[in-house]
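# Report on the structure
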Amino acid sequence: MSDSGSNFWSHLEVFRWVLVRCLCVVLGVAIVAFLLGDFIFDRIVFAPCRADFVTYEFFCRVAAWLSIPGICPTIEEINIININLTAQFFTHISISFYIGLIIGFPYLMIELWYFVLPALYPHERKPAIKGAVSFVALFFAGVLTAYFLIFPLALNFLGTYQVSENVPNQISLNSYISTFLTLIFLMGLVFEMPVVAYFLAKIGLLKSGFFKKYRRHSIVAILILAAFITPSPDVFTMFMIALPLQLLYELSRLVVKRVERKSSL
């Protein structure tokens, strides 16, 4: 067997053990999360359904401080129902797995880093470390933004919206969990915009002029999105939603500009 063939199989064996270790970590955290199911569901997953959730209290305190009552959201307790015999059991399992995936995410990145490390040149290792750290940090920033800001405000609106008083809202467990996980992971991915912009700039597919050209379009699009999530009349709540998204856009522009400046040296 040639050296290239033996190297391929040795790399494949190393990668197999990387996957095994990652799976063990995710499953280990998932098992712990499963055993702590009461705490996780009552204090974390379903916490935005209660009027005493930290986000609602924050807006009400800001409303009292600024003497603008409209900022304080009118919170109604949201009750979740189950209409599927197996839904609660499988929801318990799926949430435990996703928690294992989220908490174990930094470890997965460390394993990936050590796997690709031998293939990197010495001058590539420091940027790769920064990229991995930025990727993890931005992902968690997106998850926290979704959980503490976007999801509770969207839930409070959509969960209490009625086309008629004759049609009461009865939110199913599957619908709630699906929306919860979708927003959490979607915002985690959206917050990776600066990292994606960095790599696109490195290969020459993205220029800083793009962000300057479409800045006005981005502001309008972000404000429309914020208005949809928080269709309340106060500007403050909409601004709180739009601000982190616009900051991501500007951060991506600065990242691309920095890449261009280094490339020109």
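Residues numbered from 1 in each chain as written. Predicted model: local features only at pLDDT ≥ 70, side-chain atom pairs only at ≥ 80, totals over all residues. Heavy atoms only, no water.

### Focus: the packing of helix H4 (residues 87-103) against helix H5 (residues 105-116)
- Where H4 meets H5, the axes come as close as 4 Å, and the angle between the chain directions of the two elements is 50°. In terms of axis orientation, H4 runs oblique to H5. In this structure, H4 uses Leu 101, Ile 102 and Ile 103 to contact H5, whose residues at the interface are Phe 105, Pro 106 and Leu 108.
- For the contact of H4 with H5, a count of residues per class yields six nonpolar, no polar and no charged. (Axes fitted to C-alpha atoms, helices over the stretch in contact; angles between N-to-C directions. Helix = DSSP H or I, 4+ residues; strand = E, 2+ residues; numbered from the N terminus. Parallel < 35°, antiparallel > 145°, perpendicular 65-115°, else oblique. Contact = heavy atoms within 4.5 Å. Nonpolar A, V, L, I, M, F, W, Y, C, P; charged D, E, K, R; others polar.)

### Comments concerning H4
- Under the 1.5 Å per step criterion, the end-to-end length of H4 is 24 Å for 17 residues, consistent within 8% with the ideal 24 Å.
- Every buried residue belonging to H4 is among Ala 87, Thr 91, His 92, Ile 95, Ser 96, Ile 99, Gly 100 and Ile 102, and all of these are buried. (Expected span 1.5 Å × (residues − 1). Buried < 20%, exposed > 50% of the residue type's maximum accessible area, 1.4 Å probe, protein only.)

### Points about the nonpolar core
- Formed by 47 residues in total, the largest nonpolar core has its most connected members in Val 45, Ile 95, Tyr 176, Ile 177 and Ile 184.
- For this core, the leading source of residues is helix H6 (residues 122-158), giving twelve residues.
- Excluding residues that lie within four positions of it along the chain, Ile 95 makes contacts with Ile 40, Phe 41, Val 45, Ile 177 and Leu 181.
- In this structure, Ala 201, Leu 206, Phe 211 and Tyr 249 belong to the second largest nonpolar core, which totals seven residues. (Core = buried A, V, L, I, M, F, W, Y, C linked by side-chain atoms within 4.5 Å.)

### Some thoughts on the environment of Met 193
- Mapped onto the elements of the fold, Met 193 is located in helix H8 (residues 193-202).
- Assessed through its relative accessible area of 30%, Met 193 is described here as partly exposed.
- Leave out the neighbours within four places in its chain, and Met 193 touches Leu 248, Tyr 249 and Ser 252.

### Overview of the pattern of salt bridges
- Counted under the stated rule, the structure contains five salt bridges.
- Here Arg 215 makes a salt bridge to Glu 250, at a shortest N to O gap of 2.9 Å. Linking Arg 215 in helix H10 (residues 215-229) with Glu 250 in helix H11 (residues 235-264), this pair joins segments that are 35 residues apart in sequence.
- With relative accessibility at 25%, the residue Arg 215 sits in the partly exposed group.
- Put simply, Arg 253 and Glu 250 hold a salt bridge, and the shortest N to O gap is 3.1 Å. One end of the pair, Arg 253, and the other, Glu 250, are both in helix H11, three residues apart, so they sit about a helical turn from each other. (Salt bridge = Lys/Arg side-chain N within 4 Å of Asp/Glu carboxyl O.)

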